[in-house]
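Next come the chains, spelled out residue by residue.
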Amino acid sequence: MCRLTCLSILLLIPAAFSFQSSTKKSVHITCSKFNSAITPPITSTSLQSTVDETATDTTTKTKKTWFPIRPADALSPSNDYNSLVNSAYLRHILVETEEMADLVMNLYLNGGKSEGDDDGAAQSSYERTDGDVFSRLATDVSTCPFTREDSGEIGWVDNPLNNREKSDLNDVYADILSSEAIEDLFSRRVKGGDVIKVEGKEGWHLIRVDDLFIKLVGDTDTTADGSKNRINKVRPKLKGSGQIPLSPVFQKIGSDTDIINSNDGIDNDDEQSKMIYSVPNAKHYQILTSGCQMNVADSERIMGVLEGELGLKALDAINTADPTLITTSNKKSKNKKKPTPDILLLNTCTIRDHAEQKVYDALGPYTAMKRAGKPLAIVVAGCVAQQEGEALLRRFPEIDLVLGPQYIPWLGELLVEVGKGSQLCMTESMIWSEKGGSLAIDKDSSREKDGDWMTPIKRGHSVRAWVNVIYGCNEHCTYCVVPSVRGVEQSRSMEAILQECLQLAASGYKEVTLLGQNIDAYGRDMIPKRTFADLLHYLNDNLPPNTISRIRYVTSHPRYFSERVIDAVANLDKVCECFHMPFQAGDDEVLRGMRRGYTFDSYMKIIQKIRAKAPDASICGDVIVGFPGETEEAFQRTLDLMEEVKFDNLNTFAYSPRPNTEAANWENQIPPEVQSERLQRVQALAAKHALERSERYVGKVIEVLVEDRNPKNGGEVMGRTRQGRQVFFEGDIDELKGELVNVEITEARTWSLVGGSIQD
């Protein structure tokens, strides 16, 4: 299709491309009386009061404001947007009028489809090849003579408001974007996935931000005053042992081999300098992971950086006879020579009680090795790292890097600094970047796909994969530590998510699980806003046939759950019929105290809509017993809700006070013995319901995706139904792994099924 023809079509048939809101409406199922549910029974000290000046001179009113909800708003003054963001990778579409810009924006947001009228007129589709509608529109519609042949690609454009570095790079783009347009773009504090409408000298631009370039490590011993981040380039001797803490050298693949000579700061201590220069390069790593699926996915990304960027090997994948791996400094190792890594990384979880103590216990043997003089890099990552921050360094000065979850894209860069003798704590709020400011990025290079510079990922499975779509959470439930350790919600662009899925499809994966702490919030932090239902349709439409056949997701929030998501699950062929809908409690007052924003009745309305539109779908949930103030009568409402829903699977927890949460400070805590008794009752009822739900499969032929060998029976394989139920049946894993097999179910168990394959 030539540009003139495409442009003419868009201009001459406006009826086909109706001007509609760029964001689709979601059905929020809530109860009006819980509009004030953000106020717990005990007054929150976390909410701040601000004075709002009204139109009159004589009247003022005070209103409560919520926690920061936009990523840029959550940054500290010492670590603000313009201090962090050096550049943005941009594409654009140039059109003559604002009306035309709105029309093209609407077409892009609808995935290349123009919506029909209210009478159900057929939709017309815009030609596209790989799901990147923006790039196709740039080629066919844009009037920019400099970029339309390159799918609208501009490249890296420097942030003129950045107060660290100044360059003349933007002069190159003077004929494409004016300095005023560039400044307008960055003044809106954009992030990856945002599409901004900006007026220029030649017309109107639609500018898409593919990614941000962020530089973390400077030349000083510490970061700005008030920042949680710390970079100590000269370290004191360890108390007690007198040893200088040593780390092996980390070197980026393809970087200058003479990396140690770039060490800054070590010349202040001759002994430290000599010691560091004598340390060999790191070769092997060990990573210990605890926690949820998000932590597992994070560990896969961490391993990808360690192997893909730094060339390390996993300790369990190497020959333990390698003499460089044997430690004899520890007396306990004298008779049992065990391999030790060059870098130990603990990816931690803080959801459960005593999480911090478990981390301290795990660190003990490794800090002893370091005090004995072994060159060993110790990294604490994950939620405990974010929660404790610099306090970890004070308690364990042997630690080299405390890494908050938002800093994983910069891990390779930070370990290079560790190898130079630095000690770092990186827990300040951060803007998400697909590749951050890694030294491996050439800012003058170009790329064709949004996934080209994603942080490398080492997958833990060859059939199914985790794909992060949104990080963080803005909900601030009174019992939950997640917002304080995972930060505010930050959605990845649809294009970046699709490119990751396409890479998985090309590698033979058959199933992806989309991850988000509050996945229904996907897109509400983007400009313009998108929805999770939009993402499901986008992936379902653009994944090639005969590749990825199953899309799952976790976790939904009843407060924001959209009926469009139910429709997507019910109607899209790749989206599995499985809903994970945590309810946490059945009593309205307990839910109000939790600040969940829904009621028993509003939750059940969601369940009823699911049963009506997707009757065969599985429904899973989470529940907490023993929340502060929960009476026996209130607990009974939880059992009542379970009886009405009959969950296929239910994750059960006893409440435990967590640091930096409001409910932890309340006086009406429930005794542990009462919590334990209620937990047992919930678990017994959940098991009863799970068996009932399993029994509905008996005698049916079900499609099963084969994943692994049955660990308890080598002659059997294990797979899952579309609803997520495990199925065991006889088969050869070498022949069946990754295959879809029809299985007749012969036996129902509480959490699994047994059957036999049906031959074609």
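Let me begin by describing the structure that accompanies this report. Computed from a predicted structure; not experimentally measured.

### Regarding helix 3 (residues 98–109)
Under the 1.5 Å per step criterion, the end-to-end length of helix 3 is 16 Å for 12 residues, consistent within 8% with the ideal 16 Å. Counting buried positions along helix 3 gives 9 out of 12 residues, so the element sits mostly inside the fold. What helix 3 keeps buried is the set M100, A101, L103, V104, M105, N106, L107, Y108 and L109. Two residues or fewer after helix 3 comes G111, characterised by a positive phi angle close to 70°.

### A few points about the packing of aromatic side chains
Here the structure, examined in full by the defined rule, presents 14 aromatic pairs. Each ring, one from Y360 and one from F396, has its centre 5.7 Å from the other, and the planes form 40°; the classification is tilted. With a gap of 36 residues between them, Y360 in helix 8 (residues 355–371) and F396 in the loop between helix 10 (390–395) and strand 14 (401–403) connect regions that are remote in the sequence. Across the pair, exposure class does not vary: Y360 and F396 are buried alike. Look at Y479 and F627: their rings are 6.3 Å apart centre to centre, the planes differ by 85°, and that puts the pair in the edge-to-face class. Of this pair, Y479 sits in the loop between strand 17 (470–471) and helix 12 (482–486) while F627 is found in the loop between strand 22 (618–625) and helix 18 (632–645), placing the two residues 148 residues apart along the sequence. Y479 gets classed as buried once you look at its relative accessible area, which sits at 10%.

### Considerations on the packing of helix 15 (residues 563–571) against helix 17 (residues 600–613)
Close contact between helix 15 and helix 17 brings their axes to 10 Å; oriented N to C, the two are set at 25°. Classified by the angle between their axes, helix 15 and helix 17 sit roughly parallel to one another. Crossing of helix 15 over helix 17 shows right-handed handedness. Contact with helix 15, carried on its side by E563, I566, D567 and A570, involves I606, K609, I610 and K613 of helix 17 and no other residues of that element.

### What about the environment of R148?
Within the element layout of this structure, R148 appears in the loop between helix 4 (133–140) and strand 6 (153–158). Under the relative-accessibility criterion, R148 is labelled partly exposed at 25%.

Here is what the cut-offs are and how they apply
- Residues numbered from 1 in each chain as written.
- Predicted model: local features only at pLDDT ≥ 70, side-chain atom pairs only at ≥ 80, totals over all residues.
- Heavy atoms only, no water.
- Helix = DSSP H or I, 4+ residues; strand = E, 2+ residues; numbered from the N terminus.
- Expected span 1.5 Å × (residues − 1).
- Buried < 20%, exposed > 50% of the residue type's maximum accessible area, 1.4 Å probe, protein only.
- Phe/Tyr/Trp six-rings, centres within 6.5 Å; stacked < 30°, edge-to-face > 60°.
- Axes fitted to C-alpha atoms, helices over the stretch in contact; angles between N-to-C directions.
- Parallel < 35°, antiparallel > 145°, perpendicular 65-115°, else oblique.
- Left-handed = near helix turned anticlockwise from the far one by under 90°.
- Contact = heavy atoms within 4.5 Å.

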